[in-house]
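These are the residues of each chain, in order.
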Amino acid sequence: MKSKIHEFRWKNRNQMSKNSFLSLALTLFVALSFAQSDKRLKGIEKQFNAVLETSKAVGFAMAIVEGDQVIYAKGFGYADYENKTPVDANTLFAIGSSTKAFTSALLGILREDDKLSLDDSPLDYVPGLKFYNDDMNNNIIIKDLMRHSTGLPRHDGAWYFFPSHNKDTLVARMQYQEPFTGIRQQWYYNNFGFLLQGVITEKITGKSWEENIENRFFKPLGMNRSKTMIDGMKNGTNTAKGYRLDEDRNIKKMDYYDIAGMSPAGSINSSVNDMSKWLMLWINNGKYGEEQIIPEAYIKEAMSSQMVVAAGFPTEELPGVQYANYGYGWFLHSYKGHYMVEHGGNIDGFSASVALYPTDNLGIVVLANQNGSAVPRLIRNIAADYMLKVEKTEWAKKHKEDVEKALKAQEEAEETNETSNVKGTKPSHILLDYTGSYEHKGYGKFDVVVENDTLYAELDGNRQYLHHYHYDTFELIDVNDGKIDESQIGSAIKVTFSTNVAGDIDDLKASIEPMTDAIAFKRTPNTIDVDAKTLEQYVGLYDLMGTEVKAYIKDENVLYVFVPGQPEYELIPTAEHKFNFKVLEGFKIEFLETDGKIDQVKFIQPNGTFVAKKKEE
């Protein structure tokens, strides 16, 4: 890349002395200032500041690229609201799913190197990989991962609520994640497909996805501030903090979210100055300076329609915003008659938009530290209106009107909303009966515990209060610094406990994937440690309606029962005198004592309860 600054430096190299550094620095500053005072952008900052005000965003940074020139790059508002630290063009933000184009581009490079074909099966590259059924195993190709056409819904709860730093662990969950439609029948966004792309690159190259991104893109592009892991934000300098608006539209700080092993789907942290180089790479057909970093053929393919996202006509309000398709890691639209390639990003406290207008040699990146924010879209559209010389939409005004309408509708809904919970009901069991570990192999495992007559769900050291809603349905309420967030009561995620035929709590169902039935987490009761001496009191022969049942210890400290004509059954202690059968669901026994001595055993099973009397020795 040859910028005006670059040309100036080399044309005047022979005239410069060691003492002219200050003069050069001044010249560079003037050149940059000139570049950022492009006449086409006259008055644009007034629009930007209007968006900052109406959105109540803490801050954002944006840059505009034309050809191989950055013509504008600037920060607005604060990177750190509490300390009033301003945003600049080098401030690091989380770019979220704008990471996806990086991940798919690695596959484009590997294809150029004859390491794979995009029509290959992912199973050819990832040992042990399986999907939910044989149709998926036999017919999904790598392209389906890149264009969201696997038939899988998002299943985001499987990584967001159950994170893991081990990518292979996350990939193994895909075998148990149910599709909602057939392969290539419908576009549907799925982060696991991009995780799998990242793992494919790891298996082929022998290097981590993080190393591949740094070596293939960050280093050759000079994206020196960009990071692939959250540690870059936690321990870096000039980094933005994340924020959200609460229900009263007050600004609240959010903790950084560690996306961990799902990194290929959205872990990059970058600045608009760094992301400008990424935009230049795509505008210039995969070349940066004289180096072909991404194959030109892949660039064109990735920015072309590979799957229809949604059908429909332009709206009367925005007739120039047309169609919605998807390439490889890019959404495709027509914006006021101009071809637009874009991908947003959202992760706790941050929002982003990275946009290209290839036929106009234009790129725009907007990074904001506001959760689920409209700011990147609004700032991008304002900049596009100025640069494309189209009729300008008053985006800040429109957003203000939209927010006011939404708040009014919400207020009216709250006034007319009737809660669906049934008053006066109570759980079917005592709280202790709900405790245990709960697992879905496509998601993960968590524990339910009782503390001070209160039921909690615990996962990775985090705790949520299980607030009774009605019957066996509870709400998951956040616990922050030991305090229950009562504002969530009535609107939080609801979970329902189910019983088996024996009456035991069997599973917990949560509607965390809207395209499938509720996800069922299977319960395993808590066990207790019982020493061999204690187990000795249960050993003996019991008369069960004329059949002699034997209870005995083997394997040093494990109690078994044997019924003639059946296999021996290992027992798992769950409470004093109570055991579950290890391999029979819904079967359990309870030893009964009289005057301090075990004299009976109660067999509790789906077809009834039977009592056997202990024989005298």
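Everything in this summary refers to the structure shown in the same document.

Definitions and cut-offs
- Residues numbered from 1 in each chain as written.
- Predicted model: local features only at pLDDT ≥ 70, side-chain atom pairs only at ≥ 80, totals over all residues.
- Heavy atoms only, no water.
- Pairing = 2+ DSSP bridges.
- Helix = DSSP H or I, 4+ residues; strand = E, 2+ residues; numbered from the N terminus.
- Axes fitted to C-alpha atoms, helices over the stretch in contact; angles between N-to-C directions.
- Polar contact = N/O pair within 3.5 Å; in protein donor to acceptor, adjacent residues only side chain to side chain.
- Contact = heavy atoms within 4.5 Å.
- Parallel < 35°, antiparallel > 145°, perpendicular 65-115°, else oblique.
- Left-handed = near helix turned anticlockwise from the far one by under 90°.
- Buried < 20%, exposed > 50% of the residue type's maximum accessible area, 1.4 Å probe, protein only.
- Core = buried A, V, L, I, M, F, W, Y, C linked by side-chain atoms within 4.5 Å.
- Expected span 1.5 Å × (residues − 1).
- Salt bridge = Lys/Arg side-chain N within 4 Å of Asp/Glu carboxyl O.

**Quick look at the sheet that holds strand S30 (residues 588–594)**
No. 1: Here eight strands make up a closed barrel; going around it, the order is S25-S26-S27-S28-S29-S30-S31-S32 and the pairing antiparallel. Strand-to-strand twist of the sheet, defined as the mean angle between neighbouring strand axes without regard to direction, takes the value 35°.
No. 2: Summarising the sheet, strand S28 (residues 569–575) and strand S29 (residues 578–581) pair through four bridges and their orientation is antiparallel. Among the inter-strand pairings, Pro-573 is bridged to a residue of S29, identified as Phe-579.

**A closer look at the side chain of Thr-228**
No. 1: Note that Thr-228 resides in the loop between helix H10 (209–221) and helix H11 (231–234).
No. 2: Only 3.4 Å separates the side chain of Thr-228 from the side chain of Glu-214, close enough to count as a polar contact.
No. 3: Apart from the residues lying within four places of it in its own chain, the contact partners of Thr-228 are Trp-209, Glu-210, Ile-213, Glu-214, Phe-218 and Ser-267.

**Describing the environment of Met-340**
No. 1: Note on placement: Met-340 falls in strand S13 (residues 338–347).
No. 2: In the structure, Met-340 is positioned ten residues away from Trp-330 in sequence and 9.7 Å away in space, judged by C-alpha atoms.
No. 3: Leave out the neighbours within four places in its chain, and Met-340 touches Phe-331, Leu-332, His-333, Tyr-335, Leu-356, Tyr-357 and Arg-380.

**What to know about the sheet that holds strand S11 (residues 321–326)**
No. 1: With respect to topology, nine strands assemble into an open sheet ordered S3-S2-S1-S15-S14-S13-S12-S11-S10, the strand pairing being antiparallel. Two strands bound the open sheet, and with one partner strand each, they are strand S3 (85–86) and strand S10 (307–310).
No. 2: Bridging between S13 and strand S14 (residues 350–357) involves seven bridges; their strand directions are antiparallel. Along S14, the bridge assignment pairs Asn-346 with Ser-351.
No. 3: Of the strands in this sheet, strand S1 (59–66) and strand S2 (69–80) are in contact with helix H3 (residues 44–55), which crosses S2 at around 30°.

**Observations concerning the packing of helix H4 (residues 100–112) against helix H9 (residues 191–205)**
No. 1: Interaxial distance between H4 and H9 falls to 10 Å at its minimum, and their mutual angle equals 40°. Taken together, the axes of H4 and H9 lie oblique to each other. Viewed along their axes, H4 and H9 form a crossing whose handedness is left-handed. In this structure, H4 contributes Lys-100, Thr-103, Ser-104, Leu-106, Leu-107 and Leu-110 to the contact, and H9 contributes Asn-191, Phe-194, Gln-197, Gly-198, Ile-200, Thr-201, Ile-204 and Thr-205.

**Observations regarding the pairing of strand S12 (residues 331–335)**
No. 1: A large share of S12 lies buried, amounting to four of its five residues.
No. 2: Where S11 meets S12, four bridges bridge the pair, whose relative direction is antiparallel. When the sheet's bridge partners are listed, Tyr-326 is paired in S12 with Phe-331.
No. 3: Between the antiparallel neighbours S11 and S12 lie four residues, among them Gly-329 with a positive phi of about 75°.
No. 4: Pairing analysis gives five bridges linking S12 to S13, with the strands arranged antiparallel. Within the sheet, the bridge partner assigned to Ser-334 lies in S13 and is Tyr-339.

**Observations regarding the nonpolar core**
No. 1: One finds Phe-102, Phe-217, Trp-278, Trp-282, Ile-294 and Trp-330 to be the most contacted residues of the largest nonpolar core, which totals 107 residues.
No. 2: The leading source of residues in this core is helix H13 (residues 272–283), at eight residues.
No. 3: Sequence-distant contacts of Trp-330, that is, excluding residues within four places in its chain, are made with Ala-101, Trp-278, Trp-282, Ala-302, Met-303, Asn-325, Val-341, Glu-342, His-343, Val-354 and Leu-356.

**Brief notes about H4**
No. 1: In this model, H4 (13 residues) spans 19 Å end to end at C-alpha, consistent with the 18 Å of a helix rising 1.5 Å per residue.
No. 2: Among all positions of H4, only Lys-100, Ala-101, Phe-102, Thr-103, Ser-104, Ala-105, Leu-106, Leu-107, Gly-108, Ile-109 and Leu-110 are buried.
No. 3: Looking one or two residues past H4, Asp-114 carries a phi angle of roughly 60°, positive in sign.

**Quick look at the environment of Ala-396**
No. 1: Among the secondary structure elements, Ala-396 is positioned in helix H16 (residues 395–416).
No. 2: The class for Ala-396 is buried, based on a relative accessible area of 6%.
No. 3: For the pair formed by Ala-396 and Val-375, sequence separation is 21 residues and the distance between their alpha carbons is 9.3 Å.
No. 4: Among residues more than four places away in sequence, those in contact with Ala-396 are Gln-47, Ala-50, Val-51 and Thr-54.

**Some thoughts on the pattern of salt bridges**
No. 1: Across all of its chains, the model carries 25 salt bridges by this definition.
No. 2: For Arg-40, the salt bridge identified is with Asp-38, shortest N-O distance 2.9 Å.
No. 3: Since its relative accessible area comes to 26%, Arg-40 is described here as partly exposed.
No. 4: Overall, Asp-38 belongs to the buried group, its relative accessible area being 18%.
No. 5: Residue Lys-203 pairs with Asp-168 through a salt bridge whose shortest N-O separation is 3.4 Å. Highlighted residues: Lys-203 in helix H9 and Asp-168 in helix H8 (residues 167–172), separated in sequence by 35 residues.
No. 6: Relative accessible area serves as the criterion here: at 38%, Lys-203 is assigned to the partly exposed category.

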